[in-house]
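Secondary and tertiary structure notes
Residue-level listing of the chains:
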Amino acid sequence: GGSGAEWFVTVTAHVELVFVQCLQPLLRVLEELKHVAETKDCDQSQIERNIEQQLEKIKAGIKAMQNALSKMHEKLTAKTFFNVLRPFLGGWGGEGNSLPDGLIYEGVSDIPRKLTGGSAAQSSTMQVLDAFFGVQHSQEKRTFLVHMREFMPLGHRRLIEDLERWPHKLRDFVASRSRSSSLKASYNSCISSLVDLRSYHIQIVTKYIVVASRDMNEGNYESLDTKGTGGTSLIPFLQVIRSDTEEGLVPDSDNMLSESSASNHQCKPRVGTSVPSYYAGLLLFTAAASTVAVGTLMKSFQPN
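The name given to the chain in an unreviewed UniProt entry is Indoleamine 2,3-dioxygenase, with the source organism recorded as Elysia chlorotica. Regarding the chain, the relevant UniProt record gives this comment under Sequence similarities (unreviewed entry): "Belongs to the indoleamine 2,3-dioxygenase family."

The following block contains the structure:
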């Protein structure tokens, strides 16, 4: 309860909503990659320009997510978050937890349940972007992230899995098949924006958890001082995830083809180039949800 807790939910929902603008450009890129992979003797220059335009839209969406997250400071104090709200995000069970044996849900089961707490990793937004851009994480980190997908809506989970299985990889195209240095720059700019967003998330965590645990801790749950609500070691985990993202940058030494070597052949007509049909349904759902929710959320951001 309270306005601080309400603001936390409002801001995190707003971050999710602004991410919607990344979805359609993402699907357009998938279509372009599929087309160029299946078309012989194709002049890639137009496809490269098309992909570059869509990447610029995705970069704008990532920056909008960071801007939305920055609103957290406006109406939520670190003391309120750490002492009032965060204990309810910690989950039950496990070493260092306040209830190590789990929690009995009366009327559900007589056996204590051990449940992972709420975590930003349960949001499909960042995992969608990682899968799309080809960001690779260590097996240990990946195991945790894949486990977090169990808390996502099924359609979101399927989207991430399909992006990981998509045979026409964006990073491979940019690094070794593209003739466009400007496309490479756009791709790297997107990765840098993703790194910036993760850096800003670390700043948020530092303010609301690390500093709060030292300066504003009322001693409610000592187990949450250094652990993430999903059970990870907080700052080290986020720093490694950020470093993994940064390693996704395409270095200058990769086998880039010169722009002057572009073929003059025209691309064949696009026959059967489409992404799975349920993606369109996902876009329609998110668009409809945004139409209903954005008005309400944006009213919350109006000055008093």
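Bringing the overall build of the chain into the picture now. Of regular secondary structure, the chain possesses 12 helices and 2 strands. Helices and strands in the chain line up, N terminus first, as α-α-α-α-α-β-β-α-α-α-α-α-α-α. Going through the 304 residues of the chain one by one, you find that 45% of them count as buried. Residue pairs at least 24 apart in sequence account for 83% of intrachain contacts in the chain once pairs closer than 6 positions are excluded. As displayed, the chain offers around 15,800 Å² of accessible surface, 53% of which is attributable to carbon and sulfur atoms.

Attention now goes to the pattern of salt bridges. Across all of its chains, the model carries 9 salt bridges by this definition. Where Glu 140 meets Lys 141, a salt bridge forms, and the shortest distance between an N and an O atom there is 3.9 Å. Each of Arg 142, Arg 149 and Glu 164 takes part in one network of salt bridges that share partners.

Bringing the packing of aromatic side chains into the picture now. Inspection of the entire model under this criterion finds 5 aromatic pairs. Relative to Tyr 208, the ring of Phe 81 has its centre 5.8 Å away and its plane inclined at 80 degrees; by these criteria the two rings are edge-to-face. In this pair, Phe 81 sits in helix 5 (residues 78–85) while Tyr 208 sits in helix 10 (residues 181–215), placing the two residues 127 residues apart along the sequence. With respect to class, Phe 81 is no different from Tyr 208; both count as buried. Here the aromatic residues Phe 8, Phe 81 and Tyr 208 are joined through ring pairs into a cluster of three or more.

A separate point is the packing of helix 3 (residues 45–70) against helix 9 (residues 170–177). Look at helix 3 against helix 9: their axes get within 13 Å of each other, and the N-to-C directions meet at 130 degrees. For the element pair helix 3 / helix 9, the angle class is oblique. Crossing handedness for the pair helix 3 and helix 9: left-handed. Contact with helix 3, carried on its side by Glu 48, Ile 51 and Leu 55, involves Leu 170, Phe 173 and Arg 177 of helix 9 and no other residues of that element. In the contact of helix 3 with helix 9, the residues fall into 4 nonpolar, no polar and 2 charged.

In the UniProt entry, the feature "binding site: heme b" (unreviewed entry) is given for His 201. Looking at where His 201 falls in the secondary structure, it is placed in helix 10. With near-sequence residues (within four places) excluded, His 201 lies in contact with Leu 69, Ala 120 and Leu 238.

We now examine a nonpolar patch on the surface. Taken together, Tyr 105, Val 108 and Leu 115 make up a surface patch of nonpolar side chains, about 250 Å² in accessible area. Turning to its location among the elements, Val 108 is positioned in the loop between strand 1 (91–92) and strand 2 (115–116). Under the relative-accessibility criterion, Val 108 is labelled exposed at 59%.

How each quantity is defined
Throughout, a residue's number is its position along its own chain's written sequence, starting from 1. Local features in this predicted model are restricted to residues whose pLDDT is 70 or higher, and side-chain atom pairs enter the listing and the counts only when it is 80 or higher, whereas totals over whole chains, interfaces and linings include all residues. No hydrogens and no water enter the side-chain calculation; it runs on all heavy atoms of the structure. UniProt positions are given in the numbering used here, feature names are shortened, and annotations may be inferred rather than shown by experiment. The helix count covers DSSP runs of H or I at least four residues long, the strand count covers runs of E at least two residues long, and both are numbered beginning at the N terminus. Per-residue accessibility, obtained with a 1.4 Å probe over protein chains only, is compared with the maximum for each type, and a residue is labelled buried under 20%, exposed over 50%, and partly exposed between these values. Here a residue-residue contact requires only that any non-hydrogen atoms of the pair lie within 4.5 Å. Each accessible area is a Shrake-Rupley result for a 1.4 Å probe, and residues are judged covered by the shown protein chains and nothing else. What makes a salt bridge here is a side-chain nitrogen of Lys or Arg within 4 Å of a carboxyl oxygen of Asp or Glu, nothing more. Only rings of Phe, Tyr and Trp enter the pairing, Trp through its six-membered ring, and a pair is recorded when the two centres are within 6.5 Å. The plane angle decides the type: under 30 degrees is stacked, over 60 is edge-to-face, the rest tilted. All axes are obtained by fitting lines to C-alpha atoms, using only the stretch in contact for helices, and the reported angles, taken between N-to-C directions, cover 0 to 180 degrees. Oblique is the label for every angle not falling under 35 degrees (roughly parallel), over 145 degrees (roughly antiparallel), or within 65 to 115 degrees (roughly perpendicular). Should the near helix be turned counterclockwise from the far one by less than a right angle, the crossing is left-handed, whereas a clockwise turn marks it as right-handed. Amino acid classes used here: Ala, Val, Leu, Ile, Met, Phe, Trp, Tyr, Cys and Pro are nonpolar; Asp, Glu, Lys and Arg are charged; the rest, including Gly, are polar. Note on patches: the residues involved have over 30% relative accessible area and no salt bridge, like charges join within 9 Å, and the nonpolar side chains Val, Leu, Ile, Met, Phe, Trp and Tyr join within 5 Å.

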